[in-house]
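Tertiary structure, described
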Amino acid sequence: RLMKNAIAQINDSRTAEGATFSRAPSRQQQYIPGFSLWWIGMVHDYWRYQDDAEFVRRMLPGVRAVLAFYGARQKENGSIGKMPWWNYVDWVKTWRGGVPPHGPDESSAPQDLQLLLAYRWAMDLENALGSRERALEYANAADALATTIQTIYWDSGRQLYADTPEKKDFSQQTNSLAIVAALLGDRAAKQVMDRIISDKSLTPASIYFRHYVHTALNQVGEGDRYLGMLDVWRDALARGLTTFPETVDPTRSDCHAWSASPNYELFHTVLGIDSAAPGFQRVLVRPFLGTL
């Protein structure tokens, strides 16, 4: 019920251009374009986990509006051009305001990967509940963008995806999203995952963005490593926190939902329970018990 309410409130916040508020309801009109893409992911998650197709169908006009907002700002090769507002991706000390590096032409791998995921989520939703023609349009857009991402960001020397076409910056954020977006075969994805964990030169993910790192870990079949990667949460417990902090110290918020991913991962990764079809009509059970 709370998830459904959040999806509806964010949908109601959408501007005429198609973007949503970064949070809703709110008197402050704050826009983080990438959060509009994550909202499409929320709709897709709801469709997978809840048997409520009619509600999801009512969200399709909003999904289309968000992608139209982004489509108008894609360059000829599909990469995103200059975006308005606050293009936050993750709290990183070296990223001013949490905005990842951009190339001279504004290309940024984390943002392109977010859009790629959104196109694929929207394709699923349209195929199941909407327009097959629109699903094909999104599939073609996703394929073109995936080709561009592989062409302009993949560094064959480091065997990693760079944050910009100039290939000077590399991050856990970009490479985790590349795995989640299934840009690599199984063996190559597992090798990149090893580098995400072991290469200390990569820009590290915050407590928030570790959700996507851990999703990638599960996806490549390395979920047994998950329980050994909970240091920031164990540190929070050691400091006496009983809720999830926004960031590690110093934190401005001691109760922030975006750090609560262990509540999900203990079921999704450790117990290995997941939906294998819309509405949870089929169930996948693939536990990674690690040291338990």
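Scroll up a little and you will see the structure.
Since this is a predicted model, take the numbers as computed values, not measurements.

**A look at helix H8 (residues 210-219)**
The buried fraction of H8 amounts to eight of the 10 residues, a majority that puts the element mostly inside the structure. Turning to H8, its buried residues are Arg210, Tyr212, Val213, His214, Thr215, Ala216, Leu217 and Asn218. For H8, the secondary structure elements touched by its buried residues are helix H2 (33-49), helix H6 (172-180), helix H7 (186-198), helix H9 (231-238) and helix H10 (261-270). Where H8 ends, the next residue or the one after it, Gly221, has phi of about 85 degrees, a positive value.

**As for the nonpolar core**
The nonpolar side chains of a soluble globular protein tend to be buried with one another. By size, the foremost hydrophobic cluster in this structure holds 78 residues, and its most contacted members are Trp39, Leu67, Leu116 and Leu183. By residue number, the principal contributor to this core is helix H4 (residues 109-129), which donates 11 residues. When near neighbours in sequence (up to four residues on either side) are disregarded, Leu116 contacts Ala142, Leu145, Ala146, Ile149, Ala181 and Leu183.

**Concerning the pattern of salt bridges**
Evaluation of the coordinates by the stated rule reveals 11 salt bridges. With its nearest N and O atoms 3.0 Å apart, the salt bridge here joins Asp52 to Lys4. In this pair, Asp52 sits in the loop between H2 and helix H3 (53-71) while Lys4 sits in helix H1 (residues 2-12), placing the two residues 48 residues apart along the sequence. A salt bridge links Arg64 to Glu126; the shortest N-O distance between them is 2.7 Å. One end of the pair, Arg64, is in helix H3; the other, Glu126, is in helix H4, with 62 residues separating them in the sequence. One connected set of salt bridges, linked through shared partners, spans Lys190, Asp194, Glu222 and Arg225.

**Observations concerning a nonpolar patch on the surface**
Together, Leu266, Phe267, Leu271, Ile273, Val283 and Val285 make up an exposed nonpolar region whose accessible area comes to about 530 Å². At the level of elements, H10 and strand S4 (283-285) are the ones that each hand at least two residues to the nonpolar patch. Topologically, Leu266 is positioned in helix H10. By relative accessible area, which is 39% here, Leu266 ends up partly exposed.

**Comments concerning the packing of H4 against helix H5 (residues 132-153)**
Direction vectors running N to C along H4 and H5 enclose 155 degrees, while the axes themselves pass 8 Å from each other. Comparing their axes, H5 and H4 come out roughly antiparallel. Where H4 crosses over H5, the handedness of that crossing is left-handed. Between H4 and H5, the contacting residues are Ala109, Asp112, Leu113, Leu115, Leu116, Tyr119, Arg120, Ala122, Met123, Glu126 and Asn127 on the first element and Arg132, Arg134, Ala135, Tyr138, Ala139, Ala141, Ala142, Leu145, Ala146, Ile149 and Tyr153 on the second.

**Some remarks on the packing of H1 against H3**
At a closest axis distance of 10 Å, the pairing of H1 and H3 adopts a crossing angle of 25 degrees. As far as their axial angle goes, H3 and H1 are roughly parallel. Crossing angle aside, the handedness with which H1 passes H3 is left-handed. Side by side, H1 and H3 meet where Lys4, Ile7, Ala8 and Asn11 of the first sit next to Phe55, Met59 and Gly62 of the second. Split by residue class, the contact of H1 with H3 holds four nonpolar, two polar and one charged.

**Overview of the environment of Tyr226**
If you trace the backbone, Tyr226 turns up in the loop between H8 and H9. On the accessibility criterion, Tyr226 (1% relative accessible area) is buried. Taking the C-alpha atoms as reference points, Tyr226 and Tyr212, 14 residues apart in sequence, are found 12 Å from one another. Filtering out sequence-adjacent residues up to four positions away, Tyr226 remains in contact with His214, Leu217, Pro262, Glu265, Leu266, Thr269 and Val270.

What counts and what doesn't
- Residues numbered from 1 in each chain as written.
- Predicted model: local features only at pLDDT ≥ 70, side-chain atom pairs only at ≥ 80, totals over all residues.
- Heavy atoms only, no water.
- Buried < 20%, exposed > 50% of the residue type's maximum accessible area, 1.4 Å probe, protein only.
- Helix = DSSP H or I, 4+ residues; strand = E, 2+ residues; numbered from the N terminus.
- Contact = heavy atoms within 4.5 Å.
- Core = buried A, V, L, I, M, F, W, Y, C linked by side-chain atoms within 4.5 Å.
- Salt bridge = Lys/Arg side-chain N within 4 Å of Asp/Glu carboxyl O.
- Patch = residues over 30% accessible without salt bridge, like charges linked within 9 Å, V, L, I, M, F, W, Y side chains within 5 Å.
- Areas by Shrake-Rupley, 256 points an atom, 1.4 Å probe, with all protein chains shown as cover.
- Axes fitted to C-alpha atoms, helices over the stretch in contact; angles between N-to-C directions.
- Parallel < 35°, antiparallel > 145°, perpendicular 65-115°, else oblique.
- Left-handed = near helix turned anticlockwise from the far one by under 90°.
- Nonpolar A, V, L, I, M, F, W, Y, C, P; charged D, E, K, R; others polar.

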